[in-house]
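For reference, the chains in residue letters:
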Amino acid sequence: MLDSVPDKHISKRWAKLVFGPALEAGLVLLVGIGFAVLANSLSPFGLQWSRNYFPTPPATSEGPDRVSTAAPRVNAQAEAKARIESRGYAAWTFERAAEAFRDPLRLSGQIVFVDARAEIPYRRGHIPGALQFDPYRPDHQLLEVVAACLRAMRVIVYCTGGACEDAELAAALLEQAGVPKSRLAIYVGGFTEWLERGQPVEPPRTGPERIDKEVGP
Amino acid sequence: MKSGPTYIELLGLGVRWFLGLWVGWLGLLKAWDPVLFLKAVRQYGLIDTPWVLNATAILLPWLEVFSALLLLLGIAVRGTAWLLAGMLVGFTVLVGWHGWQLHVAHQMPFCAIRFDCGCGTGEIHLCTKLAENAVLIGSALWLGTGRAGQLWSVRYHLVRSCVST
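Residues numbered from 1 in each chain as written. Chains lettered and ligands numbered in written order. Predicted model: local features only at pLDDT ≥ 70, side-chain atom pairs only at ≥ 80, totals over all residues. Heavy atoms only, no water.

Describe in detail empty space enclosed by the protein, supporting the description with residues and values.
Tallied over the full model, the rule gives two cavities of 30 Å³ or more. In this model, the largest cavity occupies a volume close to 50 Å³. Asn-40, Ser-43, Phe-45, Gly-46 and Leu-47 of chain A together with Ala-31, Pro-34, Ala-57, Ile-58, Pro-61 and Trp-62 of chain B are the residues that line the largest cavity. The dominant element in the lining of the largest cavity, judged by the number of residues it contributes, is helix H3 (residues 50-73) of chain B, at four residues. The residue makeup of the lining of the largest cavity, split by class, is eight nonpolar, three polar and no charged. Residue lining of the second largest cavity: Arg-83, Ile-84, Tyr-158, Cys-159, Gly-161, Gly-162, Cys-164, Ala-167, Glu-168, Ile-186, Tyr-187 and Val-188 of chain A, and that is the complete set. Those elements that provide at least two residues to the lining of the second largest cavity are helix H3 (76-86), helix H7 (166-176) and strand S5 (184-187) of chain A. (1 Å grid on protein atoms, 1.4 Å probe; cavity = no way out; pocket = protein on both sides within 12 Å on 5 of 7 lines; lining within 4 Å. Points joined across faces, edges and corners; volume = space filled by probe spheres on them. Helix = DSSP H or I, 4+ residues; strand = E, 2+ residues; numbered from the N terminus. Nonpolar A, V, L, I, M, F, W, Y, C, P; charged D, E, K, R; others polar.)

Help me get a handle on the packing of helix H1 (residues 7-32) of chain B against helix H5 (residues 126-145) of chain B, residues and values and all.
Residues and elements named next belong to chain B. Between H1 and H5, the shortest axis-to-axis distance is 10 Å and the interhelical angle comes to 130°. Taken together, the axis directions place H1 and H5 in an arrangement best described as oblique. Where H1 crosses over H5, the handedness of that crossing is left-handed. Facing Ile-8, Leu-11, Gly-12, Val-15, Arg-16, Phe-18, Leu-19, Trp-22 and Leu-26 of H1, the residues of H5 in contact are Lys-129, Glu-132, Val-135, Leu-136, Ser-139, Ala-140, Trp-142 and Leu-143. Classifying every residue of the contact of H1 with H5 by side-chain character gives 12 nonpolar, two polar and three charged. (Axes fitted to C-alpha atoms, helices over the stretch in contact; angles between N-to-C directions. Parallel < 35°, antiparallel > 145°, perpendicular 65-115°, else oblique. Left-handed = near helix turned anticlockwise from the far one by under 90°. Contact = heavy atoms within 4.5 Å.)

The following block contains the structure:
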């Protein structure tokens, strides 16, 4: 009987140490979830709960390739090319993209470049004449971009290049909207390579600037 | 006559504010660009269901901001510290595990690995991130298990334990 007194005391102390903060943590979590739901609904950058933001089928080369998406860019272009082709899109090199850019058909809208980056990096600089189409916020430009793509013979979609999958996501959305897959091509090197190769951009550069700052996410 | 705050109380206040500011800043960075965070969560390859992925990317940043606000104001300090410690331990395990996978896949030294862990600060060296998280977890555990952090708190105990009297 006497032995149970210290035990009771210890269990009370333990309960005091654990139970109160744990209950409090649970309450904070519940209220925090409510706060998050409200903040997301009010935020201009808020995400939709049920939308599938990644409609492309997973690349067939899973495993180490998937891990390497966040790795330093060793063979990033080769990996990107394999990933794009495994999803059934034509993977274009810089040479093909540059050739299409110089083609007079581009000026008549038969060849269209689509920039799948977000609005801010697009405004900082993009391939001249490229239409912006952010696959995460497609509602803004969908009608205009789809109309232009349906008129074109060839649509070249790009993002920052390498591990960036946004061009493929944009291509998948365009395909869902009725643009034939055979017309869609992904420029593998993306805007990073375009800039590195000293190609024209819009608006024009005014001086030497850091590429990594310019390309953005 | 009541004396001024002790060194421990002042240290507790400093740690509480440091943790609040740091976690709040990281949460706001993610909340500011949730798409970037969504992509970062996806890269771990643990969640395939779209709504679970979206819910994770929506809830975590704002939960961090909310916890940071509570810490800065001094509301439910111990419970918030526990919650943060739990979240931080989970993130640290995930980041460490992903780093280990990269280390194995690319045969690179563990501490030379640099990637965007989705923590809000962009690309960072793995070991730097793990050390940073260790400091944050230590701070949260210290606040959560002791009585430090009571100074200038609006409501230190949100819930008084039923056995506390």
